[in-house]
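Chain residues, written in single-letter form:
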Amino acid sequence: MIGMDSNFDFIIVGAGISGTATACQLARAGHKVVVIDRFGLAAMGSGWTLAGVRQSGRHPAELPLAKAAVDLWRNLDDDLGQPTHYTRKGNLRLARNEEEYRQIKAMVEEQSADGLDVSFLPDNASLRAIAPALARNIPGASFCPSDGHADPIATVTAFAAAARRAGAQFRTGERVTRLLVKKGRIRGVETEKTRYSAGKVVLAAGIAGTELLSPLGIDLPIAVRMVTVVRSVPTGPILDQVLGVCGGGWAGRQEVNGRFRVTSGGQPWHGMMSVKQTAEGVRPEVQPPIASLSQVADEMARLLPGAVETPVETIWAGLIDMTPDALPVLDEAPGIEGLVLAIGFSGHGFCLGPITGRILAALALGHEPGFELTAFAADRFKGAADATEQEMTLHG
Ligand SMILES: Cc1cc2nc3c(=O)[nH]c(=O)nc-3n(C[C@H](O)[C@H](O)[C@H](O)COP(=O)(O)OP(=O)(O)OC[C@H]3O[C@@H](n4cnc5c(N)ncnc54)[C@H](O)[C@@H]3O)c2cc1C
């Protein structure tokens, strides 16, 4: 029998970075909040991620959000009261040929005009002066010194802990099966165990959001793409920056604990996901195709040859919620009062987490979010191309 729980003002579906950051904001403002997750903290995108914290290479509409997020990342450890292992030593987007050299140079000009502290490194000597381990045949790169990276599990754990201290409750291992809507208003959610009622629901369920929205007649054109991730054992310091390439076909960084975390470009998802018991609880797992490993390794050998012999510790694949324009939906659901959507981050949502939390909390409270959000509207896709045709823009 399904139980009832109506003790909350706000229900948040999903305990990734978007959901926990929102819970933190709402609980700190004195509201009664419950976060419900099918698995646990950072079980999907926010755990699978590369975890680059990057403004460079962002779409012009997303750049103000990324800049505001990076301002928050600066003091996030103090704000949350525990470490996120955020480090701010820059992002290099590497050109591999003349065409990419031109594209990156143009991107730097455009983003500098938009006020970002990004510069173009026009030759191999200038980029190796910043990152000496890079290959000697890379002709140029962009460099944004205020970009960086963080530990994704530590970050989500820190947001969740801060939310709990402010009174938020967490229900993990509980899957939301239905969003409850009556007369155009959200009324709550139903899980396999409990019916929760609340006047406001924030849906931050990553790739799983569409299956909860479809029964309500909201069909967002979100495609699931797969990215292979290889993590090495810890090794000595070789690389401070996050590396990326044009088009997002490869990215990599060295974690503060010495492990390399390197990713492939986006691939079609083979559709398989298993659920396993781990030390952290039941978790979803996606295994990458064998062919993708050579792509990750070959590119690393070309770009960062001194690191490619580092032994592998673990390999996984992560899934990404891609929209046709590679921008997220941050909006109230069309026609459903009180249901706020955060979906379709298209491989960019980790960096945005701290500002996403503030924006979603503002939307849920009916406050002014402080940003122009037209580019993130839920109804913008009418007549748009299928999301599967879009290029990934993930690059750390
Ligand atoms: C390989 C990879 C590399 C990436 N690299 C970067 C990067 O360098 N920089 C960057 O900014 N972004 C990056 N991203 C993207 C970023 O990680 C995501 O956009 C972000 O973590 C999404 O966070 P979220 O909280 O919105 O969703 P998620 O972290 O996916 O959280 C959704 C949560 O909802 C839960 N859930 C799902 N269905 C249900 C249900 N029915 N009921 C209850 N709970 C449910 C899940 O268990 C999950 O915990 C990358 C992603 C991947 C996969």
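The structure displayed is predicted, hence computed values, not measured ones.

(A) Spotlight on the overall build of the chain. Counting its secondary structure elements, the chain contains 10 helices and 22 strands. Counting only C-alpha atoms and orienting by the principal axes, one finds that the chain spans roughly 65 × 45 × 40 Å. Evaluated residue by residue, the chain yields a buried proportion of 55% over its 396 residues. Carbon together with sulfur atoms contributes 52% to the accessible area of the chain, which is approximately 15,800 Å² in total.

(B) Local environment of the packing of aromatic side chains. What the rule picks out here adds up to 3 aromatic pairs. For the ring pair tryptophan 73 and phenylalanine 350, a centre distance of 5.4 Å and an interplane angle of 45° mean the geometry is tilted. Separated by 277 residues along the polypeptide, tryptophan 73 in helix H3 (residues 63-74) and phenylalanine 350 in helix H10 (residues 349-365) bring together distant segments of the chain. For the pair tryptophan 73 and phenylalanine 350, one class covers both residues: buried. In this structure an aromatic cluster arises from ring pairing among Trp73, Tyr86 and Phe350. Arginine 164 extends its terminal NZ or CZ atom over the ring of phenylalanine 170, reaching a point 4.5 Å from the ring centre.

(C) Seen up close, the nonpolar core. Within the largest apolar cluster, 49 residues are counted, with the highest numbers of intra-cluster contacts made by Val33, Val53 and Trp73. Within the residue set of this core, elements represented by two or more residues are strand E2 (10-13), helix H1 (17-28), strand E3 (33-37), H3, helix H4 (76-80), helix H7 (152-165), strand E22 (339-343) and H10. Among the elements that take part in this core, H10 stands out by supplying 8 residues, more than any other. Once residues lying within four places of it in the same chain are set aside, the contact partners of valine 33 are Phe8, Phe10, Ile12, Ala23, Leu26, Ala27, Ala168 and Gln169. Counting residues in each nonpolar core, the second largest holds 27 residues, with Leu212, Leu213, Val329 and Ile336 among its members.

(D) Highlighting the sheet that holds strand E5 (residues 91-95). With respect to topology, 8 strands assemble into an open sheet ordered E6-E7-E5-E15-E16-E17-E14-E20, the strand pairing being mixed. Unpaired on one side and paired on the other, strand E6 (119-121) and strand E20 (312-322) mark the two borders of the sheet. Going from strand to strand, the sheet's axes swing by 20° on average, the running direction of each strand aside. Lying over the sheet, helix H9 (residues 290-303) contacts E5, strand E14 (223-232), strand E15 (242-245), strand E16 (250-254), strand E17 (260-268) and E20, oriented at roughly 130° with respect to E17.

(E) Region of interest: the site of the ligand. Close contacts around the ligand come from 42 residues, with Ser18, Asp37, Ser46, Gly52 and Cys351 the closest. In the model, a nitrogen atom of the ligand is placed 3.2 Å from a nitrogen or oxygen of the glycine 347 main chain. Across the complex, the protein chains shield 98% of the 1,000 Å² of accessible surface that the ligand would expose by itself. For the shell around the ligand, the secondary structure elements donating two or more residues are H1, E3, helix H2 (45-48), E14, E20 and H10. Of the residues belonging to the shell around the ligand, the class tally is 23 nonpolar, 14 polar and 5 charged.

Here is what the cut-offs are and how they apply
- Residues numbered from 1 in each chain as written.
- Predicted model: local features only at pLDDT ≥ 70, side-chain atom pairs only at ≥ 80, totals over all residues.
- Heavy atoms only, no water.
- Helix = DSSP H or I, 4+ residues; strand = E, 2+ residues; numbered from the N terminus.
- Buried < 20%, exposed > 50% of the residue type's maximum accessible area, 1.4 Å probe, protein only.
- Areas by Shrake-Rupley, 256 points an atom, 1.4 Å probe, with all protein chains shown as cover.
- Phe/Tyr/Trp six-rings, centres within 6.5 Å; stacked < 30°, edge-to-face > 60°.
- Lys NZ or Arg CZ within 6 Å of the ring centre and 35° of its normal.
- Core = buried A, V, L, I, M, F, W, Y, C linked by side-chain atoms within 4.5 Å.
- Contact = heavy atoms within 4.5 Å.
- Pairing = 2+ DSSP bridges.
- Axes fitted to C-alpha atoms, helices over the stretch in contact; angles between N-to-C directions.
- Near = heavy atom within 4 Å.
- Polar contact = N/O pair within 3.5 Å; in protein donor to acceptor, adjacent residues only side chain to side chain.
- Nonpolar A, V, L, I, M, F, W, Y, C, P; charged D, E, K, R; others polar.

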